[in-house]
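Below are the chains, spelled out letter by letter.
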Amino acid sequence: MAKKKFSTTSGIEIKEVYTEPSGMNELPGEFPFTRGIQKDMYRGKAWTMRQYAGFSTAEESNKRYHYLLSQGTTGLSVAFDLPTQIGYDSDHDLAEGEVGKVGVAIDSLKDIEILFDGIALKDITTSMTINATAPILLAMYIALAKKQGADLTQISGTVQNDILKEYAARGTYIYPPAASMRLITDVFEYCSKEVPKWNTISISGYHIREAGSTAVQELAFTLANGKAYLKAALDKGLDINVFAKRLSFFFNCHNNFFEEIAKFRAARRMWAHITKQLGATDAGAQKLRFHTQTGGSTLTAQQPLNNIIRVSNQALAAVLGGTQSLHTNGYDEALSLPTEAAAKIALRTQQIIAFESGVTDTVDPLAGSYFVEALTNEIEAAAQLYIDKIDAMGGAVKAIEQDYIQQEIAASAYQYQNDIESGEKVLVGVNRFTQQEEAAINVFRVDDSIRKMQTEKLILLKNNRDNQAVLSSLNQLQNAAKGQQNLMPFILSAVEQYATLGEIADTLREVFGEH
């Protein structure tokens, strides 16, 4: 009988025992930051505990934000509905059936004002999961901060703004790649001057992993996309020692505990070398800062309470891997948006790890583990092979245009599903340890009347705003888009006149076209 082989989800073979020390002598907070980007890590400050929330109307989401803040959340993370993500107002024909379903519906600055009612933007950090319309949503946030009297140089947060992974894995893009890259680098340039503490992009491996990639592919394709953004900004004449400090990453965390920890450690080391090779000399520009979300695709509709254990395992791996902020999924998210009860347990999971487990008492507690150090090296080597191949193609944009990244992800997803169906991959409660009847749990439902409510708000908005000023601002935006000017000031001007998200996105569609 052949001896069973053990391997990670990326196919890296796991030895029975690791006996050789790594010989690593670097310290946390020092290049290449394998052991963490701060010398004291969580001894100095805990990671930001975010809960991804947003559904229905701005009014309903605002209630959830106040609840999460009252329970100890230290940062907000906003989910937007699909029409908002692809630049359609709630009354658009293509928005039917999707308004408020997977996130909050935002049609104008008025909705943002309601969304953050009673919340001082100067006192919190906000992460917004938005890509194609990221400049518009960021402009709305800035406009509200100005109305609140906040010092724009002090407000902080993150806008996802990562369009390359949309082309490769997710699909909520609007404009062709060249126009999209222009909008992204316009955000880089504008924020470096006007909102210097804002993270201008969250380069996302999360959705690449959710689409079916392995851990190694998630790392490789995300860093390849990161290189493309660095080069686009450098081509625009921006200073890497300035703009690279405000780039952040967004990684997934799945169930293979040690592989995920090693992935995060390898990511820091690889990014440090990538930025240095492209000219970064400031340590702040060489550091990979990242947010982690536990794996949505790992959650099961069968025996959903088992997901609490999965999320706990993943959250602990993220912390041991050195994340800067963390979102833990609700146990019911394979069935619906998280209920308030599920969101609270997810948050308590982070708090128990932070304040009861003891894993935050020392920096990189698994450093020197023969297994973890070897796995970090092997993941780095495997990811580098992918990056070298993508570089040979001309970079991430070319690799996406040639369908290379998409095909690699699809092949991995197919293999993963085959492994589940064959029983090679065990999913507790799904293909092993199943039960015939399961107790029903409460699920969260969004009312289909949301679209009607949003449409009525749009009618009221358009009746009460200065429509001539709106038209003028949109014309100015269109003219700027035809030239080479930075578009952020023009988008902000339109937002402040209460132009809608759809009107702004359509103005850019007229110039850039659609992909």
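Residues numbered from 1 in each chain as written. Predicted model: local features only at pLDDT ≥ 70, side-chain atom pairs only at ≥ 80, totals over all residues. Heavy atoms only, no water.

(A) Broad picture of helix 6 (residues 177–194). For helix 6, with 18 residues, the first-to-last C-alpha span of 26 Å sits near the 26 Å given by 1.5 Å per residue. Among the 18 residues in helix 6, 14 count as buried, and that is most of the element. (Helix = DSSP H or I, 4+ residues; strand = E, 2+ residues; numbered from the N terminus. Expected span 1.5 Å × (residues − 1). Buried < 20%, exposed > 50% of the residue type's maximum accessible area, 1.4 Å probe, protein only.)

(B) Region of the structure containing the sheet that holds strand 9 (residues 325–327). Sheet architecture is open: 9 strands sit in the order 5-4-3-2-1-9-8-7-6, paired in parallel fashion. If you trace the sheet from one side to the other, it starts and ends with strand 5 (198–199) and strand 6 (201–204), each paired once. Bridging between strand 1 (residues 48–53) and strand 9 involves 3 bridges; their strand directions are parallel. Residue Met49 lies in a different strand from strand 9, and its bridge partner there is Leu326. Contacts from helix 13 (residues 340–356) reach strand 1 and strand 9, with the element oriented near 170° to strand 1. (Pairing = 2+ DSSP bridges. Contact = heavy atoms within 4.5 Å. Axes fitted to C-alpha atoms, helices over the stretch in contact; angles between N-to-C directions.)

(C) Fine view of the pairing of strand 8 (residues 290–294). Within strand 8, 5 of the 5 residues are buried, which leaves the element mostly enclosed by the surrounding structure. By the bridge criterion, 5 bridges tie strand 7 (residues 247–253) to strand 8 in an arrangement that is parallel. Residue pairing for strand 8: Cys253 is matched across the bridge by Thr294. Where strand 8 lies against strand 9, 3 bridges are found, and the strand directions are parallel. Residue pairing across strands places Gln293 opposite His327, the latter belonging to strand 9. Between the parallel pair strand 8 and strand 9, the chain is carried across by helix 12 (residues 306–320), and the sense of this crossover is right-handed. (Right-handed = clockwise from strand over helix to strand, strands pointing away.)

(D) Representation of the environment of Gly54. Turning to its location among the elements, Gly54 is positioned in the loop between strand 1 and helix 1 (58–70). Taking the C-alpha atoms as reference points, Gly54 and Ala367, separated by 313 residues in sequence, lie 37 Å from one another.

(E) How the structure looks around the side chain of His291. Within the secondary structure, His291 sits in strand 8. Classification of His291 by relative accessible area gives buried; the value is 12%. Ignoring any residue separated from it by four or fewer positions in sequence, one finds His291 in contact with Arg50, Phe249, Phe250, Phe251, Thr323, Ser325, Leu326 and His327.

(F) Just a nonpolar patch on the surface, in detail. A cluster of nonpolar residues, Val426, Val428 and Phe433, forms a patch on the protein surface that exposes about 250 Å² of accessible area. Mapped onto the elements, Val426 comes out in the loop between helix 16 (404–422) and helix 17 (450–464). The exposure class assigned to Val426 is partly exposed, which follows from its relative accessible area of 32%. (Patch = residues over 30% accessible without salt bridge, like charges linked within 9 Å, V, L, I, M, F, W, Y side chains within 5 Å. Areas by Shrake-Rupley, 256 points an atom, 1.4 Å probe, with all protein chains shown as cover. Salt bridge = Lys/Arg side-chain N within 4 Å of Asp/Glu carboxyl O.)

(G) Here's a closer look at the packing of helix 4 (residues 134–148) against helix 20 (residues 501–512). Where helix 4 contacts helix 20, the axes come no closer than 10 Å and their chain directions differ by 135°. With respect to their mutual orientation, helix 4 and helix 20 come out oblique. Helix-helix and strand crossings are classified by hand; for helix 4 and helix 20 the assignment is right-handed. Facing Ile136, Leu137 and Met140 of helix 4, the residues of helix 20 in contact are Leu501, Ile504 and Ala505. Its residues assigned to classes, the contact of helix 4 with helix 20 shows 6 nonpolar, no polar and no charged. (Parallel < 35°, antiparallel > 145°, perpendicular 65-115°, else oblique. Left-handed = near helix turned anticlockwise from the far one by under 90°. Nonpolar A, V, L, I, M, F, W, Y, C, P; charged D, E, K, R; others polar.)

(H) Highlighting the environment of Glu510. Here Glu510 shows up in helix 20. Glu510 gets classed as exposed once you look at its relative accessible area, which sits at 60%. A C-alpha to C-alpha distance of 9.6 Å links Glu510 and Ala481, two positions 29 residues apart in sequence. Side-chain polar atoms of Glu510 contact the side chain of Gln478, separated by 2.6 Å. (Polar contact = N/O pair within 3.5 Å; in protein donor to acceptor, adjacent residues only side chain to side chain.)

(I) Molecular detail of the packing of aromatic side chains. For the structure on display, the rule yields 17 aromatic pairs. Between Phe221 and Tyr386, the ring centres sit 5.3 Å apart and the planes meet at 75°, which makes this aromatic pair edge-to-face. Of this pair, Phe221 sits in helix 8 (residues 215–235) while Tyr386 sits in helix 14 (residues 370–393); the two residues are 165 residues apart in sequence, bridging distant segments of the chain. With respect to class, Phe221 is no different from Tyr386; both count as buried. For the pair Phe249 and Phe251, a centre-to-centre distance of 6.0 Å together with 10° between the ring planes defines the contact as stacked. (Phe/Tyr/Trp six-rings, centres within 6.5 Å; stacked < 30°, edge-to-face > 60°.)

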